[in-house]
Structure formats: structure tokens, C-alpha cells
Amino acid sequence: MELTVVQKIAAYALPILFAITVHEAAHGYAAKFFGDLTAERMGRITLNPFKHIDPIGTILLPALSIILGGVLFGWAKPVPVNFGQLRRPKQDMLWVALAGPASNFAMAIVWGLVLARIALFPESAQAFLAQMSLAGIQINLVLLVLNLFPLPPLDGGRIAVSLLPMQAAIKFAQIERYGMLILIALLFTGILGILLSPVLRFFQQLLTVLVM
């Protein structure tokens, strides 16, 4: 059964909200675990999606992507982390950064399990749930791979800063002020897709093995 545009947007809405909410909350929980209470004090360690929504990045751009059929792209309000408050700032930065992408992979597994067992649901709901599950897998794997890209301020950039020797890490972290401009340029020139496609295929294959 072919879904209408409204049904398709509805099928994407819940996975998008879960993907960005759990991703950002995971950063906050990890930061708190390693000693930084900034996100907790600002009320950002929460599964309330309204605390993490950016009107343009979370609603407008993903909706246009779905309607126009382009590359799904968007962002949420980043959870504030004061890396200087972590017990071991350089080392703990890795785990705080990794928490977001790890949560996306966990959610992709959940949606994959739903899709693999779609026959267990009422027949009248199967088409909609299948579309929602596919959306959940797509959104979370794209967020996972995109955020692992080693470019500050993405999570992959934070991970790289954590792993690099101190002097190299300081120089690499300075890229952050230009990070979003670089990312947008890579996206619209198609270079980002070329770089991320092999990594995305790897996680798609891994997910298939895990849920089948």
C-alpha cells in the first residue's frame, strides 16, 4: 500500500524525534557520569523532545528532505558539555562524544527488529509500521555515520581530538570554528556522500546480521 505524503511525514516524525532526543540525552547522561553537570543544570538531560528541537534543523529541513526526496539532513540543539569539568577531560571526551552515535545504532537495531518481525503486527498497521521502521533505520544510521565523521564540532571530531596527541589535538580542535561551513560545503558538492557511503553500507550490513 502506497502511503500519502502526510502519512509518510507522520511515519518519519516519531523516529526523527526519538533519534535526536535520545542522541542528545545520551551525551548529557555520559557527561554527567564523567563529572560535568552542565547539561543537568540546564534541564537538557531529558527525553522530552521539545528540549532538543531546533525549528529549522529538526523540523523544516527533514520535512523538506522527505517531501523532495533529497538527502535526509538536519540537526538538533546540541547538549551543552563543559569538557573542562570532566574528571579526565581529554580521555573522557571520547566517551561523551561516542554516547550519541552509540544511541543511534541501538535505536537502529530496535527499528530493525520491528521491521524483521512486521508480520507479528495487525495487517492493517503493517504498511505504516514498515515505513516507520525503515525511516527509523535510515535516520539513525545516517546520524550515526554523519556524527562519526572526524570533523569538529561533530562527535567524530571530538573523538579524534581525544585520541590525538596533545599538540595535534589542539591544532585539530581549532577547525571547529569552520566546521559547519566545511560540512555544508561537503554536503552540497556531493563529497560528503561519497566519503560516508562505504561506512553507511558497513553499518547497514552489520545491522542486517544483528536483526535477522
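Refer to the structure above for everything that follows.
Cut-off values and rules
- Residues numbered from 1 in each chain as written.
- Predicted model: local features only at pLDDT ≥ 70, side-chain atom pairs only at ≥ 80, totals over all residues.
- Heavy atoms only, no water.
- Axes fitted to C-alpha atoms, helices over the stretch in contact; angles between N-to-C directions.
- Helix = DSSP H or I, 4+ residues; strand = E, 2+ residues; numbered from the N terminus.
- Parallel < 35°, antiparallel > 145°, perpendicular 65-115°, else oblique.
- Left-handed = near helix turned anticlockwise from the far one by under 90°.
- Contact = heavy atoms within 4.5 Å.
- Phe/Tyr/Trp six-rings, centres within 6.5 Å; stacked < 30°, edge-to-face > 60°.
- Buried < 20%, exposed > 50% of the residue type's maximum accessible area, 1.4 Å probe, protein only.

Engineer: Please set out the packing of helix α5 (residues 123–147) against helix α9 (residues 191–211) residue by residue, giving values where relevant.
Structural biologist: Where α5 meets α9, the axes come as close as 9 Å, and the angle between the chain directions of the two elements is 125 degrees. With respect to α9, the axis of α5 lies oblique. The handedness of the crossing between α5 and α9 is right-handed. Listed contacts from α9 to Ile137, Leu141, Val142, Leu144, Val145 and Leu146 of α5 are Leu192, Leu196, Val199, Leu200, Phe203, Gln204 and Leu207.

Engineer: Summarise unusual backbone geometry; cite the residues concerned and give the values.
Structural biologist: Pro152 connects to Pro153 through a cis peptide bond whose omega is 15 degrees. Assignment of secondary structure puts Pro153 in the loop between α5 and α6 (155–163).

Engineer: Which residues make up the packing of aromatic side chains, and what are the values?
Structural biologist: On inspection of all chains with the given rule, the structure shows three aromatic pairs. Ring centres 5.6 Å apart and planes at 65 degrees place the aromatic pair Phe105 and Phe203 in the edge-to-face group. One end of the pair, Phe105, is in helix α4 (residues 89–116); the other, Phe203, is in helix α9, and 98 residues separate them in sequence. Accessibility expressed as a relative area gives 16% for Phe105, which makes it buried. Each ring, one from Phe202 and one from Phe203, has its centre 5.2 Å from the other, and the planes form 75 degrees; the classification is edge-to-face. Of the residues examined, Phe202 reaches a relative accessible area of 46% and is grouped as partly exposed.

Spatial relationships are all this shows, so hold off on functional conclusions.
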